[in-house]
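# Understanding the architecture of this molecule
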Amino acid sequence: MLKENLKMSWMNVLHNKMRSALTTLGIIIGVASIITLITIVKGVTSDMTSDFATFKADRIIVTTLGTPLKMGLLHDDIERLGEIDNVAGVSPTVTGFTSIAADGAIKEEVNVIGRNDVYFTKNVDVIKTGRGINPLDIQSENKVSLIGSSIAKEMFYGEDPIGKSVLIGGMNFTIIGTLQQSHAFSSSSINEAVIIPYTTSMQLLGTSYIMAADVYMEDSKEAEKTTLAIEAELNEAFKDQGEGFSVRDTQEMLATINQMITTMSWLLVGISSISLIVGGIGIMNMMLVSVTERTAEIGLRKALGAEPKRIQQQFLLEAVFLSLIGGVIGVVTGILTAYVICSLMDTSFLLSPLTVFLALGFSMTIGLVSGMAPARKASKLNPIDALRSV
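Structure report, in brief. (Residues numbered from 1 in each chain as written. Predicted model: local features only at pLDDT ≥ 70, side-chain atom pairs only at ≥ 80, totals over all residues. Heavy atoms only, no water.)

## Some thoughts on the packing of aromatic side chains
Test applied: Under the pairing criterion, centres of Phe, Tyr and Trp rings, with the six-membered ring standing for Trp, must be within 6.5 Å; the plane angle then separates stacked pairs below 30 degrees from edge-to-face pairs above 60, leaving the rest tilted. For every residue, the accessible area (1.4 Å probe, protein chains only) is compared with the maximum for its type, and the residue is labelled buried under 20%, exposed over 50%, or partly exposed between those bounds. Numbering goes from the N terminus for both helices and strands, where a helix is a DSSP run of H or I of at least four residues and a strand is a run of E of at least two. For a ring to carry a charge above it, either NZ of a lysine or CZ of an arginine must fall within 6 Å of the ring centroid while also lying within 35 degrees of the normal to the ring plane.
Per the counting criterion, the structure on display carries three aromatic pairs. Ring centres 5.1 Å apart and planes at 85 degrees place the aromatic pair Tyr119 and Phe120 in the edge-to-face group. Here Tyr119 matches Phe120 in class, with each residue buried. Between Tyr339 and Phe349, the aromatic rings sit 5.4 Å apart at their centres with planes inclined by 85 degrees, giving edge-to-face as the arrangement. Of this pair, Tyr339 sits in helix H11 (residues 308-345) while Phe349 is found in the loop between H11 and helix H12 (353-379), placing the two residues ten residues apart along the sequence. Phe349 sits in the partly exposed class, given a relative accessible area of 31%. In this arrangement the basic side chain of Lys70 is found over the ring face of Phe238, its NZ or CZ atom lying 5.7 Å from the centre. One cation-aromatic arrangement involves Arg115 over Tyr119; the distance from NZ or CZ to the ring centre is 4.1 Å.

Right, dumping it as structure tokens:
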């Protein structure tokens, strides 16, 4: 009997192709939305976490907000931070925007980042070719630079830029290295940036203060103690005006980011599920109409001895077929859409089997729940009353 009900349910779905297609549309949109959004969020999360992981757990970020008496950090402040127990090195960061030119090509508003040798010692994989900045470059304020992957491709396409000259803010710099490509979505993307010695960048950008610094620890387990020591040193430098700076541990920042991403993922799933619920209402509506249209058929089957549970089973199977068809089409649509969007965003395409099972399982559940009321209505029809409508 189950085999017959399966066959009859499938034939009824195929018999009303247009109605079935329109009914499953809500399920398709809902499932596709869940697959697309979760896949994109997972890809973006992976890229952000990967980029953030390059900072490692041994890093404390110091950002200066400035006060009327002290606008930022000075060289002496950087040296004192480096003398704190458990500090393995301090990498100041000086940033600004200016134009660059090479071989007649000009690029406006390029991000210029001032770094020191500590940064490249702690981030060896940031360099693609060439070398990083060394202590001599810092002391002598050498005009040397490392260029991002996009700049290298745009201004030196098909050439090796190492040893060539580039004008940065009107000053002539020698290219000593190129940088690895980073994810365009990442807030720390250096594809469109140039890195020069921070001492040189202060001269180039016309600033006397360092607005940020990365403090690297020898033992990340002592992060809390080291953070307190850094805050104490900065309090002294800023004359106990704690509002002039902020100190953040990367472990704490990563935990906060992960929590935000998890919350956002569930929020997106909830929004997408609304489409599934709407699709379920559509299935219920169609099944109720179908019960009304097939009153005579139901009455005849009951008169011939069909049990109510068999009638109920048939209508439930039809609802499941509709939701399953919509779910499968939605999964394929969602995967293709997510792949295209991830490619356009230049982010990782990470499709989780759990996401597919979640979307399909949710659509099947919606189908069962939506088909329950129409199926019960069909199974309770009085065969005599049903046959009168013939």
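Read on for the rest.
## Quick notes on the environment of Ser149
Rules: Residue contacts are defined here by distance: any two heavy atoms, one from each residue, within 4.5 Å place the two residues in contact.
Relative to the assigned elements, Ser149 resides in helix H6 (residues 149-155). Contacts of Ser149, omitting those with residues within four sequence positions, involve Leu179, Gln181 and Asn191.

## Focus: helix H8 (residues 223-237)
The cut-off we apply is this: Multiply 1.5 Å by the residue count of a helix minus one, and that product is the helix's expected span. Comment: arc refers to directions from the helix axis out to C-beta atoms.
Here H8 contains 15 residues, and its C-alpha end-to-end distance of 21 Å stays within 8% of the 21 Å for a straight helix at 1.5 Å per residue. Of all the residues in H8, the buried ones are Ala223, Thr226, Thr227, Ile230, Glu233, Leu234 and Ala237. Angularly, the buried residues of H8 cover 125 degrees about the axis, an arc narrow enough to put them on a single face. In H8, the exposed positions that point more than 90 degrees away from the buried face belong to Glu224, Lys225, Leu228 and Glu236. Two residues or fewer past H8, Lys239 is found with a positive phi of approximately 60 degrees.

## Thoughts on the pairing of strand S2 (residues 87-102)
Put simply, the rule reads: Two strands are counted as paired when DSSP detects at least two bridges linking them.
The buried fraction of S2 is high, at twelve of 16 residues. Here six bridges tie S2 to strand S9 (residues 212-217), and the two strands are oriented antiparallel to one another. Paired with Val87 across the bridge in S9 is Met217. In this sheet, strand S3 (residues 105-115) lies alongside S2 in antiparallel orientation, the contact comprising eight bridges. Of the residues in S3, the one forming a bridge with Thr98 is Val110. Two successive antiparallel strands, S2 and S3, enclose a turn made up of two residues, where Asp103 displays a positive phi of approximately 50 degrees. Across two bridges, the pairing between S2 and strand S6 (residues 165-168) is antiparallel.

## Focus on the nonpolar core
Note that soluble globular proteins tend to have their nonpolar side chains buried in a common cluster. Selection criterion: To form a nonpolar core, buried Ala, Val, Leu, Ile, Met, Phe, Trp, Tyr and Cys residues must be joined to one another through side-chain atoms within 4.5 Å.
Among the nonpolar cores identified, the biggest contains 38 residues, and Leu73, Phe120, Leu146, Ile195, Ile230 and Leu234 are the most heavily contacted of them. Of all hydrophobic cores here, the second largest spans 16 residues; its members include Met155, Phe156, Val166 and Ile175.

## Comments concerning the side chain of Asn123
Just so we agree on the cut-off: In protein, a polar contact requires one atom able to donate a hydrogen and another able to accept it; more generally it is a pair of N or O atoms within 3.5 Å, and residues adjacent in sequence count only if both atoms are side-chain atoms.
Looking at where Asn123 falls in the secondary structure, it is placed in the loop between helix H4 (117-122) and strand S4 (127-130). For Asn123, a relative accessible area of 6% gives the class buried. Of the polar contacts made by the side chain of Asn123, one reaches the backbone oxygen of Tyr119; its length is 2.8 Å.

## Focus: the environment of Arg59
Take Arg59: it is sitting in strand S1 (residues 59-64). Arg59 sits in the buried class, given a relative accessible area of 6%. Engagement of the side chain of Arg59 in a polar contact is seen with the side chain of Asp214, the distance being 2.7 Å.

## Remarks on the pairing of strand S10 (residues 245-249)
Burial along S10 is one-sided: the residues Phe245, Val247 and Asp249 are buried and none of Ser246 and Arg248 is. Across five bridges, the pairing between S1 and S10 is antiparallel. Bridging from a neighbouring strand, Ile61 pairs with Arg248 of S10.

## Some thoughts on the pattern of salt bridges
Rules: Any carboxyl oxygen of Asp or Glu that lies within 4 Å of a side-chain nitrogen of Lys or Arg is treated as forming a salt bridge with it.
Evaluation of the coordinates by the stated rule reveals nine salt bridges. As a salt-bridge pair, Arg80 and Asp77 come within 2.5 Å of each other at their nearest N and O atoms. A residue pair is termed a helical-turn pair when its members lie 3 or 4 positions apart in one helix, as Arg80 and Asp77 do in helix H3 (residues 75-82) at three residues. Here Arg80 falls in the partly exposed class, since its relative accessible area comes to 34%. In this structure, the salt-bridge partner of Asp137 is Arg131, at a minimum N-O distance of 2.9 Å.

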